[in-house]
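# Residue-level structural notes
Here's the letter readout for the chains.
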Amino acid sequence: MKKLTYILLISSWWFASCVTSFDPGDIDQERKFHIQCELTPGEIPKAYIHVTGNVDRTEPISRPKEDIDVDLNGDRVSYSPVLEAFIISSYTIEEGEEYTIDIFDTNNNYGAPDASATTVVPFVTDIDSVVITDDLVNQVGNDVTRIFEVDIDIEEPADGNHYFQIIPQMLNPSLLVEGTEEYLPITSKKIQILSNESAFVKYIHKNGIFLDINMLETTNVKLRLEYTAQVDQFDLLDHVLFSINTITDETMMFHDQSDREVSLSSLQLDEPITSSTNVENGLGLFGASAKAEYKLEF
């Protein structure tokens, strides 16, 4: 990755947040730490860290490993060569708690200033029920397609959070035959929104659909979903697993602006996104989410 990735973005159409955007006039020769980390209860914290290149490209984008120090709430985070990320395998993330990450260029290997960011993990919001309101199965040759509509009732958010990511998932039938359970998200192209569409958005770089529940009159979401399987595997797919992630404002803002950057540029999705940040003296996202699941059986 040899190019400096920056872009002048138009303002977000959805909301304003503590996440800030910048334009090329704000960029100097100083390299900066770029972090991508979303904390979720029940999951091991993983922080993906890059160092940006400088404007004249004498220093390219790089990925630090053991040559920087990273702390989470004062606890040292170790680097995992397998995951290519900084992790604390024994750390427990809790709902409602505040977390701070600090990054130090201790030996001045990159000439980047120390960076830090803080986030508060939201409380989980559950799905109360999912009801199938229409169900159609068609077979063409060896392929069987199911098109079905669902009413999803989401519980009232308890702590004021109103941004959600909803991901419908099906089992991978090929692996299921071998005795392995793996869920695959139903692609966003196969998800049709039947509620107020202005409350939803789909992103290129993320699965599922994103929702601002404050833009709905109720906490009910109506969707039309579609999936296809081979005839000898169709009966194995006897349920849908709905994941609902409650996400913070800064996380929502970051994905919104990142989608614009990916859409308007030739970036590869594994390059660091630099269009918005909540990292002090750095770039990227230190956000949080809380996940709940609901199994709908056919």
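For the structure, see preceding data.
These lines cover the structure that appears in this document, whether it is placed above or below. (Residues numbered from 1 in each chain as written. Predicted model: local features only at pLDDT ≥ 70, side-chain atom pairs only at ≥ 80, totals over all residues. Heavy atoms only, no water.)

### Some remarks on the overall build of the chain
- Along the chain, the regular secondary structure elements total two helices and 20 strands.
- The buried share among the 298 residues of the chain stands at 49%.
- Contacts spanning at least 24 positions in sequence make up 70% of the contacts within the chain whose residues lie at least 6 apart.
- Summed over its atoms, the accessible surface of the chain is roughly 14,500 Å², and 45% of this surface lies on carbon and sulfur atoms. (Helix = DSSP H or I, 4+ residues; strand = E, 2+ residues; numbered from the N terminus. Buried < 20%, exposed > 50% of the residue type's maximum accessible area, 1.4 Å probe, protein only. Contact = heavy atoms within 4.5 Å. Areas by Shrake-Rupley, 256 points an atom, 1.4 Å probe, with all protein chains shown as cover.)

### Some thoughts on the pairing of strand β3 (residues 46–51)
- When strand β2 (residues 33–39) meets β3, the two strands line up antiparallel, connected through four bridges. Within β3, the residue paired with Q36 across the bridge is Y48.
- Connecting the antiparallel pair β2 and β3 is a turn made up of six residues, with G42 showing a positive phi of about 90°. (Pairing = 2+ DSSP bridges.)

### A few points about helix α2 (residues 249–264)
- Along its 16 residues, α2 runs 23 Å from first to last C-alpha, staying within 8% of the 22 Å computed at 1.5 Å per residue.
- Burial analysis of α2 places 13 of its 16 residues in the buried class, which makes it a mostly covered element. (Expected span 1.5 Å × (residues − 1).)

### Concerning the sheet that holds strand β17 (residues 220–230)
- With antiparallel pairing, the four strands of this open sheet are ordered in space as β10-β11-β17-β14. Looking at which strands have only one partner, the edges of the open sheet turn out to be β10 (127–140) and β14 (191–193). Pairs of neighbouring strands in the sheet enclose a mean axial angle of 20°, with direction left out of account.
- Here β10 pairs with strand β11 (residues 143–154) via twelve bridges, running antiparallel. (Axes fitted to C-alpha atoms, helices over the stretch in contact; angles between N-to-C directions.)

### As for the sheet that holds strand β8 (residues 98–104)
- Across the sheet, four strands lie side by side as β5-β4-β8-β9; this open sheet has antiparallel pairing. Two strands bound the open sheet, and with one partner strand each, they are β5 (75–76) and β9 (115–120).
- Here strand β4 (residues 69–72) pairs with β8 via four bridges, running antiparallel. The residue of β8 that forms the bridge with D71 is D102.

### Quick notes on a negative patch on the surface
- A contiguous patch of negative charge on the surface is contributed by E95, D126, D128, D153 and D159.
- Here D153 is to be found in strand β11.
- By relative accessible area, D153 is classed as partly exposed at 31%. (Patch = residues over 30% accessible without salt bridge, like charges linked within 9 Å, V, L, I, M, F, W, Y side chains within 5 Å. Salt bridge = Lys/Arg side-chain N within 4 Å of Asp/Glu carboxyl O. Lys, Arg positive; Asp, Glu negative; His and termini not counted. Charge placed at Lys NZ, Arg CZ, Asp CG, Glu CD.)

### Focus: the pairing of β4
- Of the pairings in the sheet, the one linking β4 to β5 comprises two bridges and is antiparallel in character. Of the residues in β5, the one forming a bridge with D71 is R76.
- Between the end of β4 and the start of β5, which pair antiparallel, lie two residues, with N73 showing a positive phi angle near 50°.

### Description of the pattern of salt bridges
- What the rule picks out here adds up to nine salt bridges.
- Measuring nitrogen to oxygen at the nearest pair gives 2.6 Å for the salt bridge that ties R76 to D71.
- Exposure remark for D71: the relative accessible area of 11% places this residue in the buried category.
- With a shortest N-O distance of 3.5 Å, E226 and K190 are connected by a salt bridge. In this pair, E226 sits in strand β17 while K190 sits in the loop between β13 (183–185) and β14, placing the two residues 36 residues apart along the sequence.
- E226 gets classed as partly exposed once you look at its relative accessible area, which sits at 25%.
- According to the relative accessible area criterion, K190 is partly exposed, its value standing at 37%.

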